[in-house]
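Per-entry structural report
The chain contents come next:
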Amino acid sequence: MTTTAPPDVEVLDAILNCFDNHETFHAGTPKEYYRAFCPAHDDVNKPSLLIYPNRDGSVRFDCRAGCKSSDVVAKLDLLPSKISEHAYRDVDGKLLYVVERWFPKAFKARNAAGDYETAGVERVPYYLPEVRAAIERGDVVYVFEGEKDVESVRSIGLCATTSPFGATKPWSTQFASYFQGASHIVIVEDNDETGRKATAIRKKALAAVCDDIRVVKFPDGIKDATDFLGQHDDAAFLQLLNEAKIVVSKPRLKVRALEDVELRELRWLWKGYIPLGAVTVIFGQGGIGKSFVATALSAKVTQGWKMPFDGAEQTPGDVLLLDFENALHETTRARAQWCKADLKRLKVIECAIDAEGKEVQFSAEHIALIDEELARNPECRVVVIDPIMGLLAGKADTYKDAEVRAILQPLINVAEKRNIAIVVVAHPTKSANGGSALGRLAGSMAFGNTARSVLFVGSKDGRSSISQVKTNLGVDVPPVEFKILPRGGDTAEIEWVGNAPDLNAEVMLAEPERERAKTNTERAADWLEAALKQTSPQNAVPLRERGMRETRLSERMFRKAVTDNPDIFVSYTESVGSPWLLKLRPTDEF
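Basis of the calculations
Residues numbered from 1 in each chain as written. Predicted model: local features only at pLDDT ≥ 70, side-chain atom pairs only at ≥ 80, totals over all residues. Heavy atoms only, no water. Helix = DSSP H or I, 4+ residues; strand = E, 2+ residues; numbered from the N terminus. Buried < 20%, exposed > 50% of the residue type's maximum accessible area, 1.4 Å probe, protein only. Contact = heavy atoms within 4.5 Å. Phe/Tyr/Trp six-rings, centres within 6.5 Å; stacked < 30°, edge-to-face > 60°. Lys NZ or Arg CZ within 6 Å of the ring centre and 35° of its normal. Lys, Arg positive; Asp, Glu negative; His and termini not counted. Salt bridge = Lys/Arg side-chain N within 4 Å of Asp/Glu carboxyl O. Polar contact = N/O pair within 3.5 Å; in protein donor to acceptor, adjacent residues only side chain to side chain. Axes fitted to C-alpha atoms, helices over the stretch in contact; angles between N-to-C directions. Parallel < 35°, antiparallel > 145°, perpendicular 65-115°, else oblique. Left-handed = near helix turned anticlockwise from the far one by under 90°. pLDDT = per-residue confidence, 0-100. Core = buried A, V, L, I, M, F, W, Y, C linked by side-chain atoms within 4.5 Å. Disulfide = S-S within 2.5 Å. Pairing = 2+ DSSP bridges.

**Description of the overall build of the chain**
Secondary structure summary: the chain contains 19 helices and 29 strands in total. The buried share among the 590 residues of the chain stands at 49%. In the chain, 61% of the contacts between residues at least 6 apart in sequence involve partners at least 24 apart.

**Here we look at the packing of aromatic side chains**
Following the criterion strictly, the structure yields 17 aromatic pairs and no others. Seen in terms of ring centroids, Tyr88 and Tyr97 are 5.0 Å apart; in terms of plane orientation they differ by 20 degrees. Their pairing is stacked. Since its relative accessible area comes to 0%, Tyr97 is described here as buried. Between Trp171 and Phe175, the aromatic rings sit 4.7 Å apart at their centres with planes inclined by 70 degrees, giving edge-to-face as the arrangement. For the pair Trp171 and Phe175, one class covers both residues: buried. Among the aromatic residues, those joined into a ring-pair cluster are Tyr88, Tyr97, Tyr126 and Tyr127. Over the face of the ring belonging to Phe175 we find Arg123, whose NZ or CZ atom lies 4.8 Å from the ring centre.

**Here's the deal with the side chain of Asp323**
Residue position: Asp323 is located in strand β17 (residues 318-323). The buried charged residue Asp323 lacks any salt bridge, with Arg335 as its nearest oppositely charged partner at 4.7 Å. A distance of 3.1 Å separates the side chain of Asp323 from the backbone nitrogen of Asn326, its partner in a polar contact. For Asp323, the side chain forms a polar contact with the side chain of Thr332, separated by 3.1 Å. If near-sequence neighbours (up to four positions away) are discounted, Asp323 is found in contact with Thr332 and Asp386.

**Details of the packing of helix α9 (residues 290-303) against helix α10 (residues 328-338)**
At a closest axis distance of 9 Å, the pairing of α9 and α10 adopts a crossing angle of 55 degrees. As judged from the angle between their axes, α9 and α10 are oblique. Where α9 crosses over α10, the two elements pack in a sense that is right-handed. Contacts between α9 and α10 involve Ser291, Phe292 and Thr295 on the former and, on the latter, Arg335, Ala336 and Trp338.

**Brief notes about the confidence of the model for the chain**
Atomic detail in the predicted coordinates should be set aside for any region of low pLDDT. Summarising the model, the chain shows a mean pLDDT of 84, and 90% of its residues fall at 70 or more. Mean pLDDT per element in the chain: strand β1 (residues 2-4) is the minimum at 36, and strand β18 (residues 346-348) is the maximum at 96.

**Remarks on the nonpolar core**
Ranked by size, the top nonpolar core spans 47 residues in total, and within it Phe144, Val153, Phe179, Leu206, Phe218 and Phe237 carry the most contacts. Within the second largest apolar cluster, 41 residues are counted, among which are Ile349, Ile370, Leu392 and Leu438.

**As for the pattern of salt bridges**
It is possible for side chains of opposite charge to pair when their charged atoms get near one another. Throughout the structure, instances matching the rule amount to 32 salt bridges. Between Arg559 and Glu555 there is a salt bridge, and its shortest N-O distance comes to 2.9 Å. One end of the pair, Arg559, and the other, Glu555, are both in helix α19 (residues 555-563), four residues apart, so they sit about a helical turn from each other. The exposure class assigned to Arg559 is partly exposed, which follows from its relative accessible area of 45%. Owing to a relative accessible area of 34%, Glu555 belongs among the partly exposed residues under this scheme. Ionic contacts of the salt-bridge type, sharing partners, join the residues Lys148, Asp190, Asp192, Lys223 and Asp224 into one network.

**Points about the state of the cysteines**
For the coordinates displayed, the defined rule picks out zero disulfides. No disulfide involves Cys63; its nearest neighbouring cysteine sulfur is the one of Cys67, lying 3.7 Å away.

**Quick look at the pairing of strand β11 (residues 185-189)**
Most of β11 is tucked away, with five of its five residues classed as buried. Of the two faces of β11, the one carrying Ile185, Ile187 and Glu189 and the one carrying Val186 and Val188 are both buried. Where strand β9 (residues 141-143) and β11 come together, three bridges link them in parallel fashion. Looking at the pairing, Val143 lines up with Ile187 of β11. Inspection of the sheet shows β11 paired to strand β12 (residues 212-217) by five bridges, in the parallel sense. Bridge pairing in β12 places Ile187 opposite Val215.

**As for the sheet that holds strand β23 (residues 453-460)**
Strand order in the open sheet made by the nine strands is β18-β17-β21-β22-β16-β23-β24-β25-β26, with mixed pairing throughout. Pairing within the sheet leaves two strands with one partner each, and these edge strands are β18 and β26 (492-499). Ignoring which end each strand starts from, the neighbouring axes of this sheet average 25 degrees apart. Across five bridges, strand β16 (residues 278-284) lies against β23 in parallel orientation. Bridge pairing in β23 links Val281 to Val454. Strand contacts of α9: β16, β17, β18, β21 (380-386), β22 (421-426), β23, β24 (463-471), β25 (480-486) and β26, with the helix running at about 85 degrees to β26, the strand carrying the most contacts.

Shown next as structure tokens:
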């Protein structure tokens, strides 16, 4: 059993003289220690008491038979003696008082005049001038329970301090103000109930003056810093401090000069269309082939083939696919095979596995797992999520910018960190939002605004293309025409025809005459049907309000759209007082 001797005797000779015989090991080195017969039990065969001098002058006993330090001390013939003195000074270095540590464990304080009277003397942190200097430099300040630990760590270059007259004595506002302006404070907690109470007191007081407070806790069997340093080297102690847990962190700005920002060369997966280190959105009309296009481009990555009408060579890379809509065996694999993908490099996320080992559906809360997979597979160059709404289902209101951004930002972070392309597939609305192609991207405008590149896949008059809708990378590129050609049976392949300036997104999305001739009620019904295909059911009131904003149609038109189309919409409430919900009627009910 290892414990720290309560008396913390400074004069090692006084202890060693209490033993008739003792052995010395590693003499003259920092690891010097002694062995003697333990007086607290019948120790007659082999000496079992180890005596370790600590760097602060105290002594640690380790009886291999399990005797407590207090029992060992009680058997030693030791006289009361002063162990050490600790001078407390004001910010200018003027002596205020001195704390004395005595054996047996006791503390006394005397004022600057030498009298044992400190009433009315200003209470300050230990080594206050050094603490203030460290705060001015922006250095970390370490707060310990007592002077003994402070002295133990000063030799390794830390700015350390403590408070006088008892670890659990409350800290006044005045006392805490001495730490005003500190960038980082680390509280080093003693491993006992007193230490935990002291931490609570200090954390509460310091939270008013410091934005970043952390706490270090010692492992079981270690009482305090002196005890730890008696059993480990300085490097181990510094590592422990680096692992301190944040307990108080206030919002603040992180600012740096542009000259400190590394200039990175813009890199592309497909020049002008899909950048590396960013998120790209591909959206388009249903059944036109946006998922097929995403798979065809992924296949080129796995094979190391050039992108359509892009002369840049590329080495083969892996693709990670998260497919929420298609059957893995019947559709996903078949489509990849038709596109001649290297199936060893095209990898599918089937599900997530929780902490209990259970398989759960992948959702936004599992995005960090994608980053972990990329860390394991540095050859992965692309992540495809088809469609993005599958990732957000039940996790966010897809029409609220703040909620959508909060979920998309981790994807952006992963793309930047790993320098890969993240391609998300999305659906369009049926009604234009402000008339722009970007406004036709379903859900919140955050989908388009957070992406570095937005591409539209559409078809008109028998011709299909993928065209640029938005880029903030300064590269304008023409639409690219493609054909999906049947090749017998259920197979098909994609043919890249060429640049087609006349097949841009605005042309593809232009409403035909018959569409413009629809009544306002029909237009409201179309909007509701498209929205409910994304998420159903939905709260009727906010759904209707979104529709009114996007289509500029009145509330009456949306109410009439529901009542005029009972074969499409079901309006209901789950209980009295609950909100009214709207959902699509299952097709097999009619």
